[in-house]
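Take a look at the letters that make up each chain.
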There are 6 protein chains.
Amino acid sequence: MRILVANVNTTQSMTDSIAAQARSVAAPGTEIVGLTPSFGADSCEGNFESYLAAIAVMDAVVSYPEPFDAVIQAGYGEHGREGLQELLDVPVVDITEAAASTAMFLGHKYSVITTLDRAVPLIEDRLKLAGLDARCASVRASGMAVLELEEEPERAVEAIIEQALIAVRDDKAEVIVLGCGGMAGLDEAIRRRAGVPVVDGVASAVIIAEGLVRMGLSTSKVRTYAAPRPKTVVGWPLSAVAAPSAAAPAVAEVAR
Amino acid sequence: MRILVANVNTTQSMTDSIAAQARSVAAPGTEIVGLTPSFGADSCEGNFESYLAAIAVMDAVVSYPEPFDAVIQAGYGEHGREGLQELLDVPVVDITEAAASTAMFLGHKYSVITTLDRAVPLIEDRLKLAGLDARCASVRASGMAVLELEEEPERAVEAIIEQALIAVRDDKAEVIVLGCGGMAGLDEAIRRRAGVPVVDGVASAVIIAEGLVRMGLSTSKVRTYAAPRPKTVVGWPLSAVAAPSAAAPAVAEVAR
Amino acid sequence: MRILVANVNTTQSMTDSIAAQARSVAAPGTEIVGLTPSFGADSCEGNFESYLAAIAVMDAVVSYPEPFDAVIQAGYGEHGREGLQELLDVPVVDITEAAASTAMFLGHKYSVITTLDRAVPLIEDRLKLAGLDARCASVRASGMAVLELEEEPERAVEAIIEQALIAVRDDKAEVIVLGCGGMAGLDEAIRRRAGVPVVDGVASAVIIAEGLVRMGLSTSKVRTYAAPRPKTVVGWPLSAVAAPSAAAPAVAEVAR
Amino acid sequence: MRILVANVNTTQSMTDSIAAQARSVAAPGTEIVGLTPSFGADSCEGNFESYLAAIAVMDAVVSYPEPFDAVIQAGYGEHGREGLQELLDVPVVDITEAAASTAMFLGHKYSVITTLDRAVPLIEDRLKLAGLDARCASVRASGMAVLELEEEPERAVEAIIEQALIAVRDDKAEVIVLGCGGMAGLDEAIRRRAGVPVVDGVASAVIIAEGLVRMGLSTSKVRTYAAPRPKTVVGWPLSAVAAPSAAAPAVAEVAR
Amino acid sequence: MRILVANVNTTQSMTDSIAAQARSVAAPGTEIVGLTPSFGADSCEGNFESYLAAIAVMDAVVSYPEPFDAVIQAGYGEHGREGLQELLDVPVVDITEAAASTAMFLGHKYSVITTLDRAVPLIEDRLKLAGLDARCASVRASGMAVLELEEEPERAVEAIIEQALIAVRDDKAEVIVLGCGGMAGLDEAIRRRAGVPVVDGVASAVIIAEGLVRMGLSTSKVRTYAAPRPKTVVGWPLSAVAAPSAAAPAVAEVAR
Amino acid sequence: MRILVANVNTTQSMTDSIAAQARSVAAPGTEIVGLTPSFGADSCEGNFESYLAAIAVMDAVVSYPEPFDAVIQAGYGEHGREGLQELLDVPVVDITEAAASTAMFLGHKYSVITTLDRAVPLIEDRLKLAGLDARCASVRASGMAVLELEEEPERAVEAIIEQALIAVRDDKAEVIVLGCGGMAGLDEAIRRRAGVPVVDGVASAVIIAEGLVRMGLSTSKVRTYAAPRPKTVVGWPLSAVAAPSAAAPAVAEVAR
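Predicted model only: the values in this text are computed from it and were never measured.

Criteria and thresholds
- Residues numbered from 1 in each chain as written.
- Chains lettered and ligands numbered in written order.
- Predicted model: local features only at pLDDT ≥ 70, side-chain atom pairs only at ≥ 80, totals over all residues.
- Heavy atoms only, no water.
- Least-squares fit on C-alpha atoms with pLDDT ≥ 70 in both.
- Contact = heavy atoms within 4.5 Å.
- Helix = DSSP H or I, 4+ residues; strand = E, 2+ residues; numbered from the N terminus.
- Buried < 20%, exposed > 50% of the residue type's maximum accessible area, 1.4 Å probe, protein only.
- Lys, Arg positive; Asp, Glu negative; His and termini not counted.
- Salt bridge = Lys/Arg side-chain N within 4 Å of Asp/Glu carboxyl O.
- Buried area = accessible area lost by both parts, 1.4 Å probe.
- Polar contact = N/O pair within 3.5 Å; in protein donor to acceptor, adjacent residues only side chain to side chain.
- Pairing = 2+ DSSP bridges.
- Axes fitted to C-alpha atoms, helices over the stretch in contact; angles between N-to-C directions.
- Right-handed = clockwise from strand over helix to strand, strands pointing away.
- Domains from an automatic or database assignment.
- Phe/Tyr/Trp six-rings, centres within 6.5 Å; stacked < 30°, edge-to-face > 60°.

**Focus on the relation of the copies chain C and chain D**
Related by rotation about an axis and a shift along that axis, the two copies of the chain form a pair.
Phase 1 of the analysis: Once chain C is rotated about the relating axis by 180° and shifted along it by 0.0 Å, it coincides with chain D to within an RMSD of 0.0 Å. What the superposition gives is, in effect, a two-fold axis relating one chain to the other.
Phase 2 of the analysis: In this assembly, 98% of the residues forming the interface of chain C have copies in chain D that are likewise at the interface, indicating an isologous arrangement.

**Quick word on the arrangement of the chains**
Phase 1 of the analysis: Structurally, chain A and chain D remain out of contact, their C-alpha atoms never closer than 16 Å.
Phase 2 of the analysis: What separates chain C from chain F at the closest point of their C-alpha atoms is a distance of 16 Å, and the two make no contact.

**With respect to the side chain of aspartate 42 of chain A**
Phase 1 of the analysis: Residue placement: aspartate 42 of chain A occurs in the loop between strand E3 (40–41) and helix H2 (47–63).
Phase 2 of the analysis: Look at aspartate 42 of chain A: it is buried, it has no salt bridge, and the nearest opposite charge is lysine 231 of chain B at 5.3 Å.
Phase 3 of the analysis: Ignoring anything within four residues of it in the chain, the contact list for aspartate 42 of chain A reads Asn9, Thr10, Thr11 and Leu147 of chain A together with Lys231 and Thr232 of chain B.

**A look at the interface of chain C and chain D**
Phase 1 of the analysis: Taken together, the 66 residues of chain C in the interface contact 65 residues of chain D.
Phase 2 of the analysis: When chain C packs against chain D, the two sides together hide about 6100 Å² of surface, and 60% of this comes from carbon and sulfur.
Phase 3 of the analysis: Counting the surface chain C buries against chain D, the share from its top three residues, Tyr51, Arg118 and Lys231 of chain C, is 12%.
Phase 4 of the analysis: Viewed at the interface, chain D and chain C are joined by ten salt bridges.
Phase 5 of the analysis: Note that lysine 231 of chain D and glutamate 45 of chain C form a salt bridge whose closest N and O atoms lie 2.8 Å from each other.
Phase 6 of the analysis: On inspection of chain C and its partner chain D, the count reaches 26 residue pairs in polar contact (both at pLDDT 80 or more).

**Section: the sheet that holds strand E7 (residues 136–141) of chain F**
All names here are of chain F.
Phase 1 of the analysis: Strand order across the open sheet formed by four strands is E7-E6-E8-E9, with parallel pairing between neighbours. Across the chains shown, the open sheet's two edge strands, defined by having one partner strand only, are E7 and strand E9 (198–200). Neighbour to neighbour, the strand axes of the sheet diverge by 25° on average, direction disregarded.
Phase 2 of the analysis: Pairing of strand E6 (residues 110–114) with E7, which is carried by five bridges, proceeds in the parallel orientation. Considered in E7, the bridge of valine 112 is made with valine 139.

**Remarks on the pairing of strand E6 (residues 110–114) of chain C**
Residue and element names in this part refer to chain C.
Phase 1 of the analysis: With respect to burial, E6 is a largely interior element, five of its five residues being buried.
Phase 2 of the analysis: In this region the chain leaves E6, passes through helix H5 (residues 120–130) and returns to the parallel neighbour strand E7 (residues 136–141); the handedness of that crossover is right-handed.
Phase 3 of the analysis: Taken together, the four bridges between E6 and strand E8 (residues 175–178) define a ladder with parallel strand orientation. Residue pairing across strands places tyrosine 110 opposite valine 175, the latter belonging to E8.

**Description of the domain arrangement of chain A**
Residues and elements named next belong to chain A.
Phase 1 of the analysis: In terms of domains, chain A is made up of domain 1 (2–95 + 205–255) and domain 2 (96–201).
Phase 2 of the analysis: Here the C-alpha centroids of domain 1 and domain 2 sit 22 Å apart.
Phase 3 of the analysis: With 25 residues of domain 1 at the interface, the matching set in domain 2 holds 26 residues.
Phase 4 of the analysis: Considering only the surface of domain 1 that becomes buried against domain 2, Gln21, Glu45 and Tyr76 emerge as the three largest contributors, covering 36% of it.
Phase 5 of the analysis: Counting across the interface, domain 1 meets domain 2 through one salt bridge.
Phase 6 of the analysis: A salt bridge links glutamate 97 to arginine 81, with the shortest nitrogen-to-oxygen separation between them at 2.7 Å.
Phase 7 of the analysis: The interface formed by domain 1 and domain 2 includes 15 residue pairs in polar contact (both at pLDDT 80 or more).
Phase 8 of the analysis: Going through the elements one at a time, helix H1 (12–25), strand E5 (92–94) and helix H9 (201–214) are the ones with two or more residues in the side of domain 1 that touches domain 2.
Phase 9 of the analysis: Among the elements that make up the side of domain 1 that touches domain 2, the one with the highest residue count is H1 (five residues).

**A few points about the packing of aromatic side chains**
Phase 1 of the analysis: All told, the structure shown has 15 aromatic pairs over all chains when counted by the stated rule.
Phase 2 of the analysis: Centroid distance tryptophan 236 of chain C to phenylalanine 48 of chain D: 4.9 Å. Interplanar angle 65°. Geometry classified as edge-to-face. On the criterion of chain membership, the pair formed by tryptophan 236 of chain C in the loop between strand E10 (233–234) and helix H10 (238–241) and phenylalanine 48 of chain D in helix H2 (residues 47–63) is interchain, its members lying in two chains. Here tryptophan 236 of chain C and phenylalanine 48 of chain D have matching classes, each one buried.
Phase 3 of the analysis: Residues tyrosine 64 of chain E and phenylalanine 68 of chain E carry aromatic rings whose centres are separated by 6.1 Å and whose planes lie at 65° to one another, so their mutual orientation is edge-to-face.

**Side note on the sheet that holds strand E1 (residues 2–6) of chain D**
Residue and element names in this part refer to chain D.
Phase 1 of the analysis: Spatially, four strands are ordered E2-E1-E4-E5 in an open sheet, and the strand pairing comes out parallel. Both outer strands of the open sheet, strand E2 (31–35) and strand E5 (92–94), are each paired with one neighbouring strand and no more. The sheet shows a mean angle of 20° between the axes of neighbouring strands, direction not considered.
Phase 2 of the analysis: Across the sheet, helix H1 (residues 12–25) touches E1 and E2, and the angle it forms with E2 is around 160°.
Phase 3 of the analysis: Sitting on the sheet, helix H4 (residues 95–103) is in contact with strand E4 (70–73) and E5, with an inclination near 70° to E5.

**Quick word on the pattern of salt bridges**
Phase 1 of the analysis: Tallied over the full model, the rule gives 102 salt bridges over all chains.
Phase 2 of the analysis: With its nearest N and O atoms 3.7 Å apart, the salt bridge here joins lysine 172 of chain A to aspartate 117 of chain E. One end of the pair, lysine 172 of chain A, is in the loop between helix H7 (153–169) and strand E8 (175–178); the other, aspartate 117 of chain E, is in the loop between strand E6 (110–114) and helix H5 (120–129), on a second chain.
Phase 3 of the analysis: Overall, aspartate 117 of chain E belongs to the partly exposed group, its relative accessible area being 30%.
Phase 4 of the analysis: Of the charged contacts, one joins arginine 191 of chain A and aspartate 187 of chain A as a salt bridge, the two residues approaching to 3.4 Å between their closest N and O atoms. Of this pair, arginine 191 of chain A and aspartate 187 of chain A are both found in helix H8 (residues 187–194), four residues apart, which corresponds to roughly one turn of the helix. Each member of the pair, arginine 191 of chain A together with aspartate 187 of chain A, is buried.
Phase 5 of the analysis: Three or more residues joined by partner-sharing salt bridges are found here, namely Glu45 and Glu49 of chain A together with Arg229 and Lys231 of chain B.

**Some details on unusual backbone geometry**
Phase 1 of the analysis: In this structure, proline 237 of chain A follows tryptophan 236 of chain A across a cis peptide bond, with omega equal to 0°.
Phase 2 of the analysis: Structurally, proline 237 of chain A is set in the loop between strand E10 (233–234) and helix H10 (238–241).
Phase 3 of the analysis: The phi dihedral of lysine 172 of chain D is positive, around 65°, even though this residue is not glycine.
Phase 4 of the analysis: With relative accessibility at 31%, the residue lysine 172 of chain D sits in the partly exposed group.

Structural data, given as structure tokens:
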């Protein structure tokens, strides 16, 4: 079985660590393929980047030349999963939902520890839409930016543990969910320190994706996620018509 | 005051009728500018097109060369509003929310009549996220595709009225919301026949956008909708690096 | 267009400042008429006064001798709006709902800062009934009584800002709503200090009322807000049969 | 123990039948006193009459010359209970809440059968505010006006049973609540025919009011229902300053 | 009228104090019979003991040799009430629900003060299922184990009052509910100190059970609580086939 | 890895078919052990049987003499999962939750098709407590009793498909969940006919249980599901002190 694991940002090293985390729990015979979008931001920390990532991930997946059995969208709290479900016949698993769903088997309430405070409402919104928020005790920010997780893993672990302990004590969380694809691999260290189960979204998504394939289940096509109706779509896939380069202007100059 | 009214699909005639509807309620001195995305689908009827539209609308708005005072996203139930709010300092009003918000001043419960059944869950999800669903009696599909609204306006009016009457009788709606940007201008005919107030999202959004500007209010920048953090964004704006043409492949070939 | 702006208490100076706030955002050609009830309390700070105000406002509005195009009920969190909607064919806008509805276009969550702690549950209840509570981060009391707002505006601004800053920091509000008709005109000072958009209910209500009139929309009459059924009503309107005077006993003597 | 049972309309015969129903379940030693408001409508079938009743009931209760131990507000889905709680130190029980609360001990879900369709949203709103709606399967209208219940009891029973059976079959109600003070005494006939427990609000309220008194419990005065603050209240109590007569104009002439 | 009051644990002295509390509010002519399960834990402080109690209470009730008019399950937040409702034709009242229901007549919000922190989620879950959680401000733990309540009543009162005061101040509770059958009789002392109404579940349940009997109401048998279908049940009632003794192993040895 | 799959009723053939279904999706190396309770009902179709099953399953699991890695409770909508989580250190997966959780990855809304109408509220309650109800379109009864599923599989498939089609058409379900352990193995036939994904709880639970073990995750022990406190438990485990036989009286004789 081949599972595509799509990073939502353009940072290749993050794709690599996500794929490594996926492989660490994959069953024998499961091939994990890491995908990096060809356009978008080097980290997603807000709606603008997330919407761009939604399209960039769809672009990367539909451009992938080989057959595959399932897709994992490996961004925490990001947009786009529903679009992939429309475009594909194979199962699509979002790590936000995979982690929440897994956490709910382990305790009465769970908390998510994510990166920056500004990402908290995005995650809350995704969990609400997914109908997985009823037992979410809190979503807390560690204050670490996405790329800092890679650069300073020790500090990241400390910052996450600090919030995890507050979540357990004050919010009454019994399980901690790591709320960023870039936290893949930190679960073991945090579990040891926080004394509660720590759920990683990428690992959870691999289990669920493999399981759906084994059970012969895939996205229902009768309504919400039916294939797009035939129509004229200008400029799709974007990567086929665009010639983006690293020299393209950063958003800060464009936006303000 | 100049307000940009962004269509979410690439159909110019629909941009024109949306802009005309906007002008019909705009105050003297308000200039309405209709924007048509340079890429995306000729109609949005699902998540794939909607995510593409989210990016295409942001692209069109940030590429607009003149100053403006507010932006209206004129697609019903579409993705993307939060991204615009991050990118801009001026108010952003989504017609889905403008219409729901307006309807709630007119009756105890409202229903939305939209195009195809597959769009219903998207609209329900947007209303839930916006926190405007508590008094929504139902979202009903007329069965008319987006482009059919323009081609067959009489049949569209009949199909919408049929569902509106069911919504009033069975779902206990007291107000009807027209759930598609392409329905702009049909409100008067439907109001006459259905006997209840009929709310058009584009008109409502113009009122709200003008009002926010008059009150000197705009998007809060302290958390969720703060400007994107400075970072490397490859291929943005997309229209600057892409050369899309009408000959680009339709999604149906790509997707299946 | 003529809009009646009904104060909910009998304090004429408060009616004046509410009307002034309304005029400051009204469009050219909009006439604002301030109404003061002929009976009731000099400030509403609980359910007893609020229910009395509900009837007194209806009494004042139906006794107004000239035609009018819309009515604004300018009490925050008060009873009575539904009764006005039944009695009138023109739009009725409550400032509680107008402010909440406006705030939701400006940020992910909003908080209301009101007067006394005992008013908090009333406001929470009104927002819940209005279906506008899902994105309300908190309702907080400044500790200022209604009439103190007029007497000590500087202290009022300080007390409101103190709670606004707590709401932003702890409750994650991104927008502040001024939760009392008597706070009209304080928005600018608070906005400057709190660094987030500050919404005034009276101003918001004027925008919405004018907009409904411009769009030709008014209260649905098919169910909840149909005109009262013909029946014998003893003592209505109350002002026509009563001869109240300022010498009437204060409630404190009556109640305990 | 003396319990005041306040009718919400001015129809004396209805006060009598409500008081009779109350006496039929009252414990030995409980004196039931029926109160009829001195102003307001001869039946409450909407918000206008209900708000007037709220004040008229408070007026009647605070004007009652003898001591009493509890008050029952015997209108289904009406405004005003919170005001009574502020004005009094003895327990106040609303029949809407008493009936719902009782029904929840008898089955998984209950339905309310009320009078006219226009009363349904009022009842739904009261149950939502009371936090007693989670197990309410439906609120259904029998189509009988309030005064018709007295005039045509047989037809009323048939109309109520028809809706009760639909509620049991389609809405999965297991208990029926009679949603009008004027239905007092019909419970036995309906219970026999519908095959499910039928709860009468007046009887339920007597049980609860007696129980609160026996347990020495009354309204908390620490926040929401604290006594009104001392202030100038013009024209209160209204009955002391008004000289209403049956010749006062019916609302229909006033309102339109 | 005879009411069975079933303790959920095997501690006879607790049954005695629960029965005494019940008798203190029972009407003249009501006979209170305390039942102690013949198997299970000497105190219920978690799901394991609670499930065992559910069966042990059913066993004790169906084995009771005399007729009775109602049953009270006197454990706070425990499992089992629905099973009793299926097995019996007389009313069944759970003290968790009786107390919450009573508290809601006394204030805008109530808080429950229970024993150990681990019991909090059980109580929250029971209130959610009962649909009585909307006005629950909080469930707080005093830190006292069930059996410590009897052994150290003064310390218990102090610990409960400490949490009650926090609930009133921080959670905005206006009423306190004693969240353990073993707290029966402590209400008066706590009420005096906390300054808010204090509701005891056993007393509340007696009032409600007596009231249901007086009104001729009992559990609806049309759906959820219909009598069990005829079938082969091995080992029921358990007390008829078992020979448990105090020498049976404590769970700690079994479980780990 | 060894997984115990506990049937909730005493019917051995049902244990066998559940275990067979579990084995059909289990990974190589996973040993599935079917457990049948030694007391309780031959089918669970209500709360009485379900509570008995809760205890009987705990009894069977703690009496199992060999080590094991996870436990699956294979009854749909039954009580008891929380007790198992307290007693054990290995993961516990309930098929109700496993199926709902899996269905949510496959479509926007799912419906459960169960056996008898009386089981519907139990399932609704379990899903609500599990926080997995937000996207549940409906729970529908096929009208087949549990044991009839085995006796008449063709009729069962027809009855389930009939309700599944209604759920898809009227309730807008996009995924069907088989709501009874006894339906294990019917999924393929129903999927073919209903045209939507059909989720079996036993299979889903195996995937999840295996996954938790592979990820090294188990129940959090910090609060709700901490091991029972050391205490005297009379008559536990029940099977050690009881001598039940098939000749024990059926509940029908006991209960009425």
